Amino acid sequence: MNKLVTLVGLSFAIFFLVGLATTLTKSMMIGFFDVLPVYILMILAISMMLYEAFFDNK
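Residues numbered from 1 in each chain as written. Predicted model: local features only at pLDDT ≥ 70, side-chain atom pairs only at ≥ 80, totals over all residues. Heavy atoms only, no water.

Let's talk about the overall build of the protein chain
- Secondary structure assignment for the protein chain yields two helices and zero strands.
- Here the protein chain has a C-alpha radius of gyration of 14 Å; the compact-globule value for 58 residues is 10 Å, and the former is much larger.
- Projected onto its principal axes, the C-alpha positions of the protein chain cover 45 × 20 × 10 Å.
- With 58 residues in all, the protein chain has 10% of them scored as buried.
- When contacts within the protein chain are restricted to residue pairs at least 6 apart in sequence, long-range pairs at least 24 apart make up 60% of them.
- Accessible surface computed for the protein chain: about 4900 Å², of which carbon and sulfur atoms make up 77%. (Helix = DSSP H or I, 4+ residues; strand = E, 2+ residues; numbered from the N terminus. Rg over C-alpha atoms; globule rule 2.2 N^0.38 Å. Buried < 20%, exposed > 50% of the residue type's maximum accessible area, 1.4 Å probe, protein only. Contact = heavy atoms within 4.5 Å. Areas by Shrake-Rupley, 256 points an atom, 1.4 Å probe, with all protein chains shown as cover.)

In structure tokens form, the structure reads like this:
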């Protein structure tokens, strides 16, 4: 049950972060290289969330 709740919470957070990053690319005035640091930070944040939720055994 604990893993299921963790998985649901992580999926909500990941969908929110990915949706936030993709709305920036829909604008005509913002190019891909302007949004590239946002994508890098989103990948880092998602990987840290996954590591802390499933692989950190403290």
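Past the structure itself, the notes keep going.
Quick word on the packing of helix H1 (residues 2-25) against helix H2 (residues 32-55)
- Between H1 and H2, the least distance of the axes is 10 Å, while the angle of their chain directions is 180°. One element, H1, and the other, H2, form an angle in the roughly antiparallel class.
- Each residue belonging to the contact of H1 with H2 can be placed in one class, and the counts come to 19 nonpolar, three polar and one charged. (Axes fitted to C-alpha atoms, helices over the stretch in contact; angles between N-to-C directions. Parallel < 35°, antiparallel > 145°, perpendicular 65-115°, else oblique. Nonpolar A, V, L, I, M, F, W, Y, C, P; charged D, E, K, R; others polar.)

Considering H2
- Under the 1.5 Å per step criterion, the end-to-end length of H2 is 32 Å for 24 residues, consistent within 8% with the ideal 34 Å.
- Within the sequence span of H2, burial applies to Val35, Met42 and Ile46. (Expected span 1.5 Å × (residues − 1).)

A few points about a nonpolar patch on the surface
- Together, Phe32, Phe33, Leu36, Ile40, Leu41, Leu44 and Met48 make up an exposed nonpolar region whose accessible area comes to about 760 Å².
- Locating Phe33 in the fold gives a position in helix H2.
- Since its relative accessible area comes to 67%, Phe33 is described here as exposed. (Patch = residues over 30% accessible without salt bridge, like charges linked within 9 Å, V, L, I, M, F, W, Y side chains within 5 Å. Salt bridge = Lys/Arg side-chain N within 4 Å of Asp/Glu carboxyl O.)

A look at H1
- Here H1 contains 24 residues, and its C-alpha end-to-end distance of 35 Å stays within 8% of the 34 Å for a straight helix at 1.5 Å per residue.
- If you check which residues of H1 are buried, you get Leu10, Leu17 and Ala21.
- Elements that come into contact with the buried residues of H1 comprise H2.

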